[in-house]
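Understanding the architecture of this molecule
Listed below, chain by chain, are the residues.
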Amino acid sequence: YWPGRCQRSGFLQSAGIAFEPQKLPRIVALVKERSYFVNDFLTQAAFFFNDPTQYDEAVLAKRWNEQSAGILSGWKNSLAATEPFLAADIELASKTYLEQAGIPIGQVLQLFRVMITGAAAGPGMFEICELLGKETVIKRLENGISHQSK
């Protein structure tokens with residue numbers, strides 16, 4: 001219902017949002033529980049269409065430390081080597097990298113989320129990464145690390 005409504009109404013296009021129509025049903029499925037109205041969709045799914053320009057400051061204050069850039073860079077390298085770039089493979093590569101580095105995923109997953117989406121909460125990260133694609137995920141990690149390392 002939602003994907004068709006968004007496409008037929010031209011809602012996304014009128015908001016100046018470029019999107020890949022084949023991905024819209026999956027994006028809607030991930031955010032529909034948080035979207036009561038079509039306008040809510042724009043807020044809840046914004047990170048699928050635009051790179052973050054702001055990062056959740058509360059998470060950064062709590063989670064960012066002197067090791068964060070190195071951990072996230074290593075995670076980025078692990079993801080860069082992941083093929084195919086599907087949610088299950090992304091999850092396995094992430095957990096394998098973090099396990100080998102001796103880092104519990106719970107200590108860094110929210111920070112990873114903020115680097116990718118700008119927000120502290122949202123749908124499953126590995127599904128988000130798959131929909132964004134490898135190039136976008138790598139670029140957002142680089143941008144987030146750069147932003148925090150200034």
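This section reports on the structure supplied with the text.

Parameters and conventions
- Residues numbered from 1 in each chain as written.
- Predicted model: local features only at pLDDT ≥ 70, side-chain atom pairs only at ≥ 80, totals over all residues.
- Heavy atoms only, no water.
- Helix = DSSP H or I, 4+ residues; strand = E, 2+ residues; numbered from the N terminus.
- Buried < 20%, exposed > 50% of the residue type's maximum accessible area, 1.4 Å probe, protein only.
- Contact = heavy atoms within 4.5 Å.
- Salt bridge = Lys/Arg side-chain N within 4 Å of Asp/Glu carboxyl O.
- Phe/Tyr/Trp six-rings, centres within 6.5 Å; stacked < 30°, edge-to-face > 60°.
- Axes fitted to C-alpha atoms, helices over the stretch in contact; angles between N-to-C directions.
- Parallel < 35°, antiparallel > 145°, perpendicular 65-115°, else oblique.
- Nonpolar A, V, L, I, M, F, W, Y, C, P; charged D, E, K, R; others polar.
- Polar contact = N/O pair within 3.5 Å; in protein donor to acceptor, adjacent residues only side chain to side chain.
- Left-handed = near helix turned anticlockwise from the far one by under 90°.

1. Considerations on the overall build of the chain
The helix and strand inventory of the chain stands at 11 helices and 0 strands. Tracing the chain from N to C terminus, the helices and strands come up as α-α-α-α-α-α-α-α-α-α-α. Of all 150 residues assigned to the chain, the portion counted as buried reaches 45%. The contacts of the chain with a sequence gap of at least 6 include a subset with a gap of at least 24, amounting to 66%.

2. A short note on the pattern of salt bridges
Any two side chains of opposite charge can pair if their charged atoms end up close together. Taken as a whole, this structure holds 5 salt bridges when the rule is applied. Across the pair Asp 51 and Arg 140 runs a salt bridge whose closest N-O atoms are separated by 2.9 Å. Separated by 89 residues along the polypeptide, Asp 51 in the loop between helix H5 (46-49) and helix H6 (57-63) and Arg 140 in helix H11 (residues 134-149) bring together distant segments of the chain. Relative accessible area serves as the criterion here: at 3%, Arg 140 is assigned to the buried category. The closest approach of N and O atoms between Glu 142 and Lys 76, which form a salt bridge, is 3.4 Å. In this pair, Glu 142 is assigned in helix H11 and Lys 76 in helix H7 (residues 68-80), connecting sequence segments 66 residues apart. Glu 142 gets classed as partly exposed once you look at its relative accessible area, which sits at 38%. In this structure, a network of salt bridges that share partners links the residues Asp 51, Lys 139 and Arg 140.

3. Details of the packing of aromatic side chains
For the structure on display, the rule yields 2 aromatic pairs. Ring centres 4.5 Å apart and planes at 35 degrees place the aromatic pair Phe 47 and Phe 48 in the tilted group. Phe 48 shares its class with Phe 47; the two are buried. On the basis of an interplanar angle of 15 degrees and a centroid distance of 4.0 Å, the ring pair of Trp 75 and Phe 112 is categorised as stacked. Of this pair, Trp 75 sits in helix H7 while Phe 112 sits in helix H9 (residues 105-117); the two residues are 37 residues apart in sequence, bridging distant segments of the chain. As far as the burial class goes, Trp 75 and Phe 112 line up, both buried.

4. Remarks on the packing of H9 against H11
Two elements in contact, H9 and H11, have axes separated by 8 Å at closest approach and are oriented at 105 degrees. Judged by the angle between their axes, H9 and H11 are roughly perpendicular. On H11, the residues touching Phe 112, Met 115 and Ile 116 of H9 are Val 137, Arg 140, Leu 141, Gly 144, Ile 145 and Gln 148. When grouped by side-chain class, the residues that make up the contact of H9 with H11 number 6 nonpolar, 2 polar and 1 charged.

5. Here's the deal with the side chain of Arg 140
A distance of 3.0 Å separates the side chain of Arg 140 from the backbone oxygen of Asn 50, its partner in a polar contact. Contact partners of Arg 140, with chain neighbours within four places excluded, come to Phe 47, Asn 50, Asp 51, Pro 52, Met 115, Ile 116 and Leu 132.

6. Details of the packing of helix H8 (residues 87-101) against helix H10 (residues 125-132)
Taken N-terminus to C-terminus, the directions of H8 and H10 make an angle of 120 degrees; their axes are 8 Å apart at the nearest point. Relative to H10, the element H8 is oriented oblique. Classified by chirality, the crossing of H10 by H8 is right-handed. Counted together, Ala 87, Ile 90, Glu 91 and Ser 94 of H8 and Phe 126, Glu 127, Cys 129 and Glu 130 of H10 form the full contact between these two elements. In terms of residue class, the contact of H8 with H10 is made up of 4 nonpolar, 1 polar and 3 charged.

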